[in-house]
Amino acid sequence: MQTTDFDNLEIEQQYTCVNSRWEATEDDLDNDNSSARMFERSRIKALADEREAVQKKTFTKWVNSHLAFVSCRISDLYLDLRDGRMLIKLLEVLSGEQLPRRTKGRMRIHCLENVDKALHFLKEQRVHLENIGPHDIVNGNHRLILGLIWTIILRFQMQDIIVEAKGSETRSAKDALLLWCQMKTAGYPNVNVTNFTSSWKDGLAFNALIHKHRPDLINFEKLKKSNAKYNLENAFTVADRQLGITQLLD
């Protein structure tokens, strides 16, 4: 999976129908200054920025949930990983292995050395890093830092997901997780998990997952599809307080 796929694909899919309106004639394509086209472009840019902000916030919470085991935390994902120190600590927590000793010093060369040690460890773990180098992290490249964290999540949190399928069919971690969610929520009224976007908006799928494993914690029959805010808050609060699952989403 390429590092930029996860933050572009969905927006592109959602706005294919919008973009197609501008493919009618060459005049439309050349008319970049039209107010309608400029509005669509600004809207897509705003959605992309909003999506990046959500990813940054979620990934920061995820990183801190693991750094808490070594009494550390970050406040800004783009800034606090630049010297490589926190990145090394994160990988040590996730892998249970000891990485090479961190280089002392705060100069750029020291930061590059520490980030390089972290990336070298990932490569030894056979983690494919698509166009990510030490300079990208030290320079605070937003998209590549998000891509790096997503790659780490896939490697250390999702690689062990196993779903029994007919025959010898193999699935990506994302597909396997989606299938697992479908299996666990099958039969719940008003729950139809087909993706990782719209299927979760009303909160019922989250509650169904919890109820499937701990029916004593969720009164699913009293939940209403129309009350999405309550459903989401209920699921996240129960998961956090009763199951020890860190709340990464708002």
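Worth saying up front: this structure is predicted, and the values here are computed from it rather than measured.

Novice: Sorry, what's going on with the overall build of the protein here?
Specialist: Each helix and strand in the protein was counted, giving twelve helices and zero strands. From first element to last, N terminus to C terminus, the protein shows the α and β order α-α-α-α-α-α-α-α-α-α-α-α. A total of 250 residues make up the protein; the buried ones form 39% of that total. The long-range share in the protein, meaning contacts at least 24 apart out of those at least 6 apart in sequence, stands at 49%. If you sum the accessible surface of the protein, you get close to 15500 Å²; carbon and sulfur atoms cover 50% of it.

Novice: Would you explain the packing of helix α10 (residues 173-185) against helix α11 (residues 204-213) in this entry?
Specialist: Any two packed helices are characterised by how steeply their axes cross, that is the angle between the axes, and by the distance between the axes. Close contact between α10 and α11 brings their axes to 9 Å; oriented N to C, the two are set at 70 degrees. By the angle between their axes, α10 is roughly perpendicular relative to α11. For the crossing formed where α10 meets α11, the hand is left-handed. Residues Trp180, Cys181, Lys184 and Thr185 of α10 form the contact with α11, whose participating residues are Ala205, Ala208, Leu209, Lys212 and His213. Broken down by class, the residue content of the contact of α10 with α11 amounts to five nonpolar, two polar and two charged.

Novice: What is the right way to look at the pattern of salt bridges in this model?
Specialist: Pairing is possible between side chains of opposite charge, provided their charged atoms come close. Tallied over the entire structure, the rule returns seven salt bridges. Here lysine 225 ties to aspartate 202 by a salt bridge, and the two come within 2.6 Å at their closest N and O atoms. Of this pair, lysine 225 sits in the loop between α11 and α12 (228-243) while aspartate 202 sits in the loop between α10 and α11, and the two are 23 residues apart along the sequence. Residue classification places aspartate 202 among the buried positions, given a relative accessible area of 12%. Across the salt bridge formed by lysine 229 and glutamate 233, the nearest N and O atoms sit 2.6 Å from each other. Residue lysine 229 and its partner glutamate 233 are both found in helix α12; the two are separated by four residues, about one turn of the helix. Assessed through its relative accessible area of 58%, lysine 229 is described here as exposed. Put simply, Asp83, Arg85 and Arg106 are held in one network by salt bridges that share partners.

Novice: Is there a simple way to think about α11 in this case?
Specialist: In an α-helix, one full turn covers 3.6 residues, which means residues spaced three or four apart are oriented alike. Every buried residue of α11 is accounted for by Leu204, Ala205, Asn207, Ala208, Leu209 and Ile210. Its buried side turned inward, α11 meets α10 and α12.

Novice: Sorry if this is basic, but what is going on with the nonpolar core here?
Specialist: The tendency in soluble globular proteins is for nonpolar side chains to be buried side by side. Within the largest apolar cluster, 38 residues are counted, with the highest numbers of intra-cluster contacts made by Leu77, Leu122, Leu148, Ile149 and Ile152. When contributions to this core are tallied by element, the ones reaching two or more residues are α4 (35-67), α5 (77-80), α6 (85-95), α7 (108-124), α8 (134-138) and α9 (142-158). Not counting residues within four places of it along the chain, the set of residues in contact with isoleucine 152 comprises Trp62, Leu87, Leu91, Leu94, Leu122 and Gln157. Tyr188, Val191, Leu217 and Phe220 belong to the second-largest nonpolar core, a separate cluster that totals 20 residues.

Novice: Would you mind showing me how to read unusual backbone geometry here?
Specialist: Leaving glycine aside, a negative phi is the common case for residues, and trans is the common case for peptide bonds. Unusually for a residue other than glycine, serine 71 sits at a positive phi of about 55 degrees. Topologically, serine 71 is positioned in the loop between α4 and α5. By relative accessible area, which is 72% here, serine 71 ends up exposed. Backbone geometry at arginine 126 places phi at a positive 60 degrees, although glycine is not the residue there. Here arginine 126 lies in the loop between α7 and α8. Taking the relative accessible area as the measure of exposure, arginine 126 reaches 80% and is therefore exposed.

Novice: Help me understand the side chain of histidine 66 in this model?
Specialist: With respect to the secondary-structure elements, histidine 66 resides in helix α4. One polar contact links histidine 66 to tryptophan 62, side chain to side chain, over a distance of 3.4 Å. Apart from the residues within four sequence positions on either side, histidine 66 is in contact with Leu90, Val93, Leu94 and Gln157.

Novice: I would appreciate a short explanation of α6 in the present structure.
Specialist: By the burial criterion, the buried members of α6 are Met86, Leu87, Ile88, Leu90, Leu91, Glu92 and Leu94. Count one or two residues on from α6 and you reach glycine 96, which has phi positive near 75 degrees.

What counts and what doesn't
Residues numbered from 1 in each chain as written. Predicted model: local features only at pLDDT ≥ 70, side-chain atom pairs only at ≥ 80, totals over all residues. Heavy atoms only, no water. Helix = DSSP H or I, 4+ residues; strand = E, 2+ residues; numbered from the N terminus. Buried < 20%, exposed > 50% of the residue type's maximum accessible area, 1.4 Å probe, protein only. Contact = heavy atoms within 4.5 Å. Areas by Shrake-Rupley, 256 points an atom, 1.4 Å probe, with all protein chains shown as cover. Axes fitted to C-alpha atoms, helices over the stretch in contact; angles between N-to-C directions. Parallel < 35°, antiparallel > 145°, perpendicular 65-115°, else oblique. Left-handed = near helix turned anticlockwise from the far one by under 90°. Nonpolar A, V, L, I, M, F, W, Y, C, P; charged D, E, K, R; others polar. Salt bridge = Lys/Arg side-chain N within 4 Å of Asp/Glu carboxyl O. Core = buried A, V, L, I, M, F, W, Y, C linked by side-chain atoms within 4.5 Å. Polar contact = N/O pair within 3.5 Å; in protein donor to acceptor, adjacent residues only side chain to side chain.

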